[in-house]
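# Fold and geometry: a report
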Amino acid sequence: MESFNVVETLQPAERALFWVGALITASLALWLLYKIITGFRIWVLGNGDLLSPKLGKWAVVTGATDGIGKSYAEELARRGFSMMLISRSQEKLDDVAKSLESAYNVETKTIAVDYGQADIYPKIEKGLAGLEIGVLVNNVGISYSYPEFFLHIPDLENFITTMINVNITSVCQMTRLVLPRMEARAKGVILNISSASGMFPVPMLTIYSSTKAFVDFFSRGLQAEYKCKGIIIQSVLPFFVATKMTKIRKPTLDKPTPERYVAAELTTVGLQDQTNGYFPHAVMGWVTTVVAPIKLVLCLGLRMNKAQRGGYLRRRKLR
Ligand SMILES: NC(=O)c1ccc[n+]([C@@H]2O[C@H](COP(=O)([O-])OP(=O)(O)OC[C@H]3O[C@@H](n4cnc5c(N)ncnc54)[C@H](OP(=O)(O)O)[C@@H]3O)[C@@H](O)[C@H]2O)c1
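So, here is what we can say about the structure in this document.

Parameters at a glance
Residues numbered from 1 in each chain as written. Predicted model: local features only at pLDDT ≥ 70, side-chain atom pairs only at ≥ 80, totals over all residues. Heavy atoms only, no water. Pairing = 2+ DSSP bridges. Helix = DSSP H or I, 4+ residues; strand = E, 2+ residues; numbered from the N terminus. Contact = heavy atoms within 4.5 Å. Axes fitted to C-alpha atoms, helices over the stretch in contact; angles between N-to-C directions. Near = heavy atom within 4 Å. Polar contact = N/O pair within 3.5 Å; in protein donor to acceptor, adjacent residues only side chain to side chain. Areas by Shrake-Rupley, 256 points an atom, 1.4 Å probe, with all protein chains shown as cover. Nonpolar A, V, L, I, M, F, W, Y, C, P; charged D, E, K, R; others polar.

## Some points on the sheet that holds strand β2 (residues 82-87)
Taken together, the seven strands give an open sheet; going across it, the order is β3-β2-β1-β4-β5-β6-β7, and neighbouring strands pair in parallel fashion. Edge positions in the sheet fall to β3 (108-112) and β7 (274-275), since each has one partner strand and no second. For strand β5 (residues 188-193) and strand β6 (residues 231-236), the ladder comprises six bridges, and the chain directions are parallel. Considered in β6, the bridge of I190 is made with I233. Helix α3 (residues 90-104) rests against β2 and β3 of the sheet, and its axis sits at about 170 degrees to β3. Each of β5, β6 and β7 is contacted by helix α7 (residues 258-266), which is oriented at about 140 degrees to β6, the strand it contacts most.

## Looking at the site of the ligand
Every one of the 32 residues lining the ligand counts as a neighbour, but T65, N139, Y208, V241 and T243 are closest to it. A distance of 2.7 Å separates an oxygen atom of the ligand from a polar atom in the backbone of N139. Between the ligand and K212, the relevant distance is 2.9 Å, taken from an oxygen atom to a side-chain nitrogen or oxygen of the residue. When the free accessible area of the ligand is taken as 880 Å², the share hidden by the protein chains comes to 95%. Secondary-structure elements contributing two or more residues to the shell around the ligand are α2 (67-78) and α6 (206-226). Residues belonging to the shell around the ligand are distributed by class as follows: 14 nonpolar, 12 polar and six charged.

Note that all results are geometric; they support no functional claim without further evidence.
Here it is in structure tokens:
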């Protein structure tokens, strides 16, 4: 009777397992190498020169008098674009326009409108008539004054309408007004400022978070439609930036100044259709959407916002 040799019997299985392991290790190594090379291309080399007046003489920025929008306006004017600035307050618009003209010797125009209103687009259309627009930055946006449970939001009915008008309608309508002329010239860039809070639901900032998810979906869908027509449409999803909206006064590495954020973001245009725009924010985006389970992200978001609400109401003595 032949004896049963265990070692010999298992040898083919061992060899197969070796090759499976080798294949997995090689795939992981190739994936890691790809990530390092694309990361180096985006975050170290960048695509800084893409945005120039070769795209079209004018750049349009909504919400251009403060924070991130003002920084986009400054950076685009520095690159030689003539600037169309749109915000609510004519006085602030005049100040920004004057400072851009004197610092960068560029032409400026302004339109004062309240994006909370839905009937402003004929006025904007008139103001944009005849301009060769190379870049549109759909930046205007509003958030909550403090995190709040949906049904406890003060003046909820108006809050909903205003937030949808400012954060969603503005992006769709401005795109409707600007994209046809970009399509006709087969060039142009539209940057839609969404938010990291559009990457996952943020409890107690639920309406804001949802409007920003819309902006992200709108941008990515539109980019798929118009990429082959030479138009770049980018969804920009920042985490915290030190602006009036966030009330962050001391910038840090993860909460940069708007100038620093915008300088980093502009190097990603043409390289990423969807971007967190700034390397530390890209790491935070990876952790919150790939590494951490969504239940944990929701739970921590709720806890953080409940604490912020408590602090805010205590300070306002509204409890
Ligand atoms: N800061 C952050 O951490 C952060 C993070 C993620 C995403 N974002 C997004 O980035 C964008 C800019 O945020 P920000 O922090 O720079 O905001 P900000 O400092 O509050 O500036 C907002 C700008 O929009 C204008 N604006 C506000 N409401 C308006 C309205 N109803 N009609 C017309 N203009 C209006 C403001 O000017 P007037 O008040 O003079 O009109 C100002 O120029 C927003 O879409 C925001 O959601 C910001």
